Each structure stands twice: as structure tokens, then as C-alpha cells.
Number of protein chains: 2
Amino acid sequence: MEEGTFPAPGSCEGTDDEFDVMHWDSREDCEVRQILDRVADKWSLLVIALLERRTLRFTELKREIDGISQRMLTQTLRHLERDGLVRRTVYPVVPPRVDYDLTPLGASLHSTIKALVTWTEEHQREIAVARNRYDLQADAAPVAAGATA
Amino acid sequence: MEEGTFPAPGSCEGTDDEFDVMHWDSREDCEVRQILDRVADKWSLLVIALLERRTLRFTELKREIDGISQRMLTQTLRHLERDGLVRRTVYPVVPPRVDYDLTPLGASLHSTIKALVTWTEEHQREIAVARNRYDLQADAAPVAAGATA
DNA sequence: CAGTATCCCTAAGGATACTG
DNA sequence: CAGTATCCTTAGGGATACTG
């Protein structure tokens, strides 16, 4: 086991609700920031997305997620399990069988993540266009850019 | 400039829409995966959140986001600008002034990101509880866990 | 099958110094 | 002020080998 998990919780929940959102940005060690990082993690996103409505075994997840190593998959699953987002069920059979599925908490996160994915899918064209424009003008204009008023 | 930006675009947009979502997970070099990574990035999240409804200057952003280095802030802003999410406005004044704000595209992403942040805020208690439970039982049970049916 | 343990290497990213 | 350039450390994460 490696696992360097935070010894200092550093709570910053009930600071003040003057700003409905936007207060979570200051404290670096803030718990919300930390959870956000975990949840917005590359592999976590994929795992949660895949576990919607279907239970998957370790190998199935590994097969589905192109490019993930078993090391990262294990680590990601452990994190998600620890956070109560994913349930791990071990069957004590002779060829080991372990099932993974979303907890209600994980399922509630899923819709949010799906929204993010959907946004990305819907706007990938625009982003591609923006990138092309940016790259071209950056290439063409080594000096003088922006509001040349 | 460092910037290692992908020479191979690797499109995977119009593959098939049998699965409304859930097809974006396989191709590792998929553009959606790449955009998702950028958008779900730790610092990007914070920058976009902060730029809601207010225009900020470089130093203001740096001050607001605790723990970010100028290197990372610059890099993040450049990426977001390139993706068409953030607009950068340079005023050719003697003490340089550069303003950052969201483009319409960036603004459209903001609501999605806000949803993610809100989810995190709303469920941080549950996650904390889950973590405690996990840590305690993992500590207490070095052997035999899960469905001991 | 479902992991754990090790090794190892790349790249993310902080600190610092310099510039238009 | 708003960066850029350089250095350097750390840790994220792949590859491989071993185990219950």
C-alpha cells in the first residue's frame, strides 16, 4: 500500500454563506477542493460513468477503460470506495470475483458528471474551432496582439 | 514556451449515437476525453468559477486562488483562452493591464461546473463519514472483508 | 481473477530570477 | 503588472513480476 492520504482534514464547511458558492476557492487545504479534485479526476470520471446502471467486474472495467493500468484502476476504485461512491463486493469463490457498482451517493454524482460529459460532447466542435483560430493567429502574429486600440 | 500540445487530433465525434453517452470512454486519444481532462482540471475549475460575472486581472486571480503559482495560472489561462472559454484583453498601458473574463462558451460551461461544486458541497459530510467508516474498518480488519457469505 | 509490491521514468508543477 | 525562462523536486503513473 502506498496511499499518502491527508492527515490534516482542514474543514472549511461552515465558514459563511454570504457567497452561496465562491468561497471554496481560497483555502487550498479545503476539504471541498480536495473532494473536487478526486471527483474530477480523469479516471474517476470514467469509472463512475461506466458504472451507471451496470455492475462491472475488475477486468471488465479494465477492458472498458482504454489506457488505464491495473495499478490506477485499483487505486481509483479504492478511492471511490473509500469516499462511499462505489460499492465493492467480494465473492469468496475459487476464481476470485469482485463486483463494483455505484452507491446511491455515487449515482447522485453520476448525473452531474454526465452533464459535464454532455457539455463537452456538445461543444467539442466549438472548442476545436477556437483552438484552430488561436493556433493560427499565434503562429501568424509573433508580436502585437490583443486590444491594439 | 513549453507547451507539448497534441500533434494528433484523433477525432472520435461522429462514431455512432446508439449510446447517447458512454461511448467516449474507450478511445484514449479521443478528443472528448482530452477536453474533459482540461475542463475538469483542478485549476481550470477554479478559474472558471471565479470568472463568473466578474472580470479579473491576472494578479487578482492569483490572489483569489490560494496555492496557485504564476506559472500554473498563466498556463491555465492560456489553455482556457485557446479553448475559447476565456477572453484575454490586453490594454497597452504603461503598467500592463490584462483582463480576463468568460466567453459565452465559458459561461455555458460555468453552470455545469457550478453543479459539480454544489454537489461536492452538499455531500461533503457524507463523504467524510464514508471515509471514516472505511478507514476504521480497514484498520480493524486486516483480513476477511466484504461479502463473507 | 483480482489484485499487491517494486522499479523506474516522465512530466506536472513549485521556486526563483529576469524582462517589456 | 504581467508575464517568460530556467532549474529542480516530487509524485503520478506505466511496466513488470509475484500471490491468494
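Bear in mind the structure is a predicted one, so any value in this text is a computation, not a measurement.

### Concerning the relation of the copies chain A and chain B
Two chain copies, one operation linking them: a rotation about an axis together with a shift along it. Laying chain A over chain B is done by rotating through 180 degrees and shifting 0.0 Å along the axis; what remains is an RMSD of 0.0 Å. The symmetry that links the two subunits is that of a two-fold axis. Considering only C-alpha atoms, the residue of chain A closest to the rotation axis is A:Ala40, which sits at 2.7 Å. Take the interface residues of chain A: 98% of them recur as interface residues in chain B, which is what a same-surface contact looks like.

### Concerning the interface of chain A and chain B
At the interface, 66 residues of chain A touch 65 residues of chain B. Note on chain A versus chain B: buried area summed over both sides is about 6300 Å², and carbon and sulfur give 62% of it. When the buried surface of chain A facing chain B is broken down by residue, A:Arg82, A:Trp119 and A:Arg131 rank first, second and third, together holding 12% of it. For the pair chain A and chain B, the number of links is four salt bridges. B:Asp135 is the salt-bridge partner of A:Arg82, the closest N and O atoms lying 2.5 Å from each other.

### Looking at the pairing of strand 3 (residues 97-102) of chain B
Residues and elements named next belong to chain B. The buried fraction of strand 3 amounts to five of the six residues, a majority that puts the element mostly inside the structure. Alignment of strand 1 (residues 56-57) against strand 3, held across two bridges, turns out to be antiparallel. Paired with Leu-56 across the two strands is Tyr-100, which belongs to strand 3. Examined bridge by bridge, strand 2 (residues 86-91) and strand 3 share six bridges and lie antiparallel to one another. By the bridge assignment for strand 3, Val-90 is matched with Val-98. Here strand 2 hands over to strand 3 after five residues, the two strands then running antiparallel side by side.

### Side note on the confidence of the model for chain A
Note that predicted coordinates carrying low pLDDT should not be read in detail. Residue and element names in this part refer to chain A. Confidence along chain A averages 81 in pLDDT terms, with 74% of residues attaining 70 or more. pLDDT under 50 marks residues 13-22. Its contacts with residues more than four places away, or in other chains, come to 14 contacts. Taken together, the stretch residues 143-149 has pLDDT below 50 and engages in three contacts with residues farther than four places along the chain or on a different chain.

### Considering helix 4 (residues 70-82) of chain A
The first and last C-alpha atoms of helix 4 of chain A sit 18 Å apart over 13 residues, in line with the 18 Å expected at 1.5 Å per residue. Among the residues of helix 4 of chain A, those classed as buried are A:Leu73, A:Thr76, A:Leu77, A:His79, A:Leu80, A:Glu81 and A:Arg82. Contacts from the buried residues of helix 4 of chain A go to helix 1 (31-39), helix 2 (42-50), helix 3 (58-64), strand 2 (86-91) and strand 3 (97-102) of chain A together with helix 5 (104-140) of chain B. Where helix 4 of chain A ends, the next residue or the one after it, A:Gly84, has phi of about 75 degrees, a positive value.

### Notes on the sheet that holds strand 1 (residues 56-57) of chain A
Residues and elements named next belong to chain A. What the three strands build is an open sheet, ordered 1-3-2; its pairing is antiparallel. Edge positions in the sheet fall to strand 1 and strand 2, since each has one partner strand and no second. The strands touched by helix 4 are strand 2 and strand 3; relative to strand 2, the strand with the most contacts, the crossing angle is about 110 degrees.

### Points about the packing of helix 2 (residues 42-50) of chain B against helix 4 (residues 70-82) of chain B
Residues and elements named next belong to chain B. Look at helix 2 against helix 4: their axes get within 10 Å of each other, and the N-to-C directions meet at 75 degrees. Considering their axes alone, helix 2 and helix 4 lie roughly perpendicular with respect to each other. Only Met-72, Leu-73, Thr-76, Leu-77 and Leu-80 of helix 4 make contact with helix 2, whose side of the interface consists of Trp-43, Ser-44, Val-47 and Ile-48. Residue composition of the contact of helix 2 with helix 4, grouped by class: seven nonpolar, two polar and no charged.

Conventions we followed
- Residues numbered from 1 in each chain as written.
- Chains lettered and ligands numbered in written order.
- Predicted model: local features only at pLDDT ≥ 70, side-chain atom pairs only at ≥ 80, totals over all residues.
- Heavy atoms only, no water.
- Least-squares fit on C-alpha atoms with pLDDT ≥ 70 in both.
- Contact = heavy atoms within 4.5 Å.
- Buried area = accessible area lost by both parts, 1.4 Å probe.
- Salt bridge = Lys/Arg side-chain N within 4 Å of Asp/Glu carboxyl O.
- Buried < 20%, exposed > 50% of the residue type's maximum accessible area, 1.4 Å probe, protein only.
- Helix = DSSP H or I, 4+ residues; strand = E, 2+ residues; numbered from the N terminus.
- Pairing = 2+ DSSP bridges.
- pLDDT = per-residue confidence, 0-100.
- Expected span 1.5 Å × (residues − 1).
- Axes fitted to C-alpha atoms, helices over the stretch in contact; angles between N-to-C directions.
- Parallel < 35°, antiparallel > 145°, perpendicular 65-115°, else oblique.
- Nonpolar A, V, L, I, M, F, W, Y, C, P; charged D, E, K, R; others polar.

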